[in-house]
Amino acid sequence: MRSTKLFSRFMSVSFIVLQLAVPNFLFAKTTKKGNLDIKIAYLMQIQKVRPPLSNLDPIVENKGVFGAELAIEDNNTTGEYTKQTFSLEKFIVPAEGDVAEVFNKNIAKKFAFVVTNLAPDITNKVADLDAAKDILLFDAATVDDALRNKDCRANVLHLLPSRAMRTDALAQYLMKKRWTKWFLVVGATEEDKRYAEAIKRSAKKFNMKIVQEKPWEHTFDARRTAQSDVAVFTQIDEDYDVLVVADEQGQFGEYLDYRTWIPRPVIGTQGLVATSWHRTHEQWGATQIQNRFKEKAGRWMEEQDYGAYLAVRSIGEAATRTKSNELKPIKDYLLSDPFALQGYKGTPLSFRPWDNQLRQPVLLAAPRSLVAVAPIEGFLHPKTELDTLGYDQPETGCQWSKAHE
């Protein structure tokens, strides 16, 4: 008798669950034509390809496109049940093309949300167009601190960690290891100098000491002379714990490791690097998205792919929560406290309302292993430990945000 009652109860519960599940599935299918449309533009300018440092380095084209497409698929999976349809239209501008002209002709008044993969100056040039005032741009490519500070724009959200966030992540790890004395080597490009400034800011912030700074001035082929010249170059008067390299173009940094005069680890733009995404990352569901991306693109996910993925997924999350496809409610939700985006890093991601930067953990990776994830345990913050990385609200130089505090 008792077993009969249990069986009857089980069948009743199963029937209720089936009733709840089957109509939802059928409803999503039958009402697809009445879905709310959310159109997203992807604007990219092809960059001039620099020669690789090594023949082993593949030249990756169209970084970002596959990430955006993968996110559209994920958005539409959810959209089956929320009666929303997401579409992506791509606009690829040649290296010598006019991005502003393409924007005005093909995007203005047609899209409210635009994911950009552009150089920093072009990003702001587009943001300042009259036609962009009623458009929200998702910057999926730049890392410049200036775009989050004095050159910030209220209609631009930044997806990748800034240089300051990256160097703060490295500094936290080095502080934990008590490697407090740094030897800084700086390349010749403007990007190298900006990275070096971020390094010096982080050293000051975390009370580290840069014992010496030297510019890398060699113009010869580093592959032929690195064995002897790096050893001579790294002989300095003071001892140091780590060699910090600022070489964003990869012109010499790879040849510093194992060739220094004294045995010291290399960190910065080579060696141990701080990045938003890395192929060695496997935790918190990262393996699944890595495999899905490789199946789609035939290669590993790059940072710009991850940035574009987060941009499109941000729009999808906000549209789902607000049940809207309009600019104002979606933007308001993106910058609100309830917004939380899953980024396969163990903690929800959100936007800082004072500079529109996506706060997120930063991966510290060697070429073939994930070493740590910052913020490092022990670094505390009154709101969120993620704000220990980069420019916090009291130190922001973003004037439009201060005007609205």
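Scroll up to find the structure.
Residues numbered from 1 in each chain as written. Predicted model: local features only at pLDDT ≥ 70, side-chain atom pairs only at ≥ 80, totals over all residues. Heavy atoms only, no water.

A.B. asks: Account for the sheet that holds strand E3 (residues 113–117), with residues named and values stated.
C.D. replies: Read across the open sheet, the 5 strands follow the order E2-E1-E3-E4-E5; overall the sheet is parallel. Where the open sheet ends on each side, the last strands, each with one partner, are strand E2 (84–93) and strand E5 (156–158). Direction aside, neighbouring strands of the sheet carry axes that sit 25° apart on average. Sheet topology note: the strand E1 (residues 36–45)/E2 ladder contains 10 bridges and is parallel. When the bridges of E2 are listed, Lys39 appears paired with Ser87. Its contacts with the sheet place helix H4 (residues 120–127) against E1, E3, strand E4 (136–139) and E5, and it is angled at close to 170° to E4. Its contacts with the sheet put helix H10 (residues 327–334) on E3, E4 and E5, and the angle it makes with E4 is roughly 40°. (Pairing = 2+ DSSP bridges. Helix = DSSP H or I, 4+ residues; strand = E, 2+ residues; numbered from the N terminus. Axes fitted to C-alpha atoms, helices over the stretch in contact; angles between N-to-C directions. Contact = heavy atoms within 4.5 Å.)

A.B. asks: Got a sec to walk through the packing of aromatic side chains? Specific residues and values, please.
C.D. replies: One pass over the structure, following the stated rule, counts 11 aromatic pairs. Seen from their ring centres, Trp216 and Phe233 are 5.0 Å apart, and the 70° between their planes marks the pair as edge-to-face. Within this pair, whereas Trp216 is found in the loop between strand E7 (209–215) and helix H7 (222–233), its partner Phe233 is found in helix H7, the two being separated by 17 residues in sequence. Assessed through its relative accessible area of 8%, Phe233 is described here as buried. Here the aromatic cluster, defined as three or more aromatic residues joined through ring pairs, consists of Phe183, Trp216, Phe233, Tyr240 and Phe252. Positioned above the aromatic ring of Phe111, the side-chain terminus of Lys39 is 5.2 Å from the ring centre. (Phe/Tyr/Trp six-rings, centres within 6.5 Å; stacked < 30°, edge-to-face > 60°. Buried < 20%, exposed > 50% of the residue type's maximum accessible area, 1.4 Å probe, protein only. Lys NZ or Arg CZ within 6 Å of the ring centre and 35° of its normal.)

A.B. asks: Lay out the pattern of salt bridges in plain terms, naming residues and giving numbers.
C.D. replies: Taken as a whole and judged by the stated rule, the model has 24 salt bridges. Of the charged contacts, one joins Arg163 and Glu248 as a salt bridge, the two residues approaching to 2.7 Å between their closest N and O atoms. Within this pair, whereas Arg163 is found in helix H5 (residues 163–177), its partner Glu248 is found in the loop between strand E8 (242–246) and strand E9 (266–268), the two being separated by 85 residues in sequence. Take Arg163: its relative accessible area is 3%, and that puts it in the buried class. Lys193 serves as the salt-bridge partner of Glu190, at 3.8 Å between the closest nitrogen and oxygen. Of this pair, Glu190 and Lys193 both sit in helix H6 (residues 190–205), 3 residues apart, which is roughly one turn of that helix. The partly exposed category is assigned to Glu190, whose relative accessible area is 46%. (Salt bridge = Lys/Arg side-chain N within 4 Å of Asp/Glu carboxyl O.)

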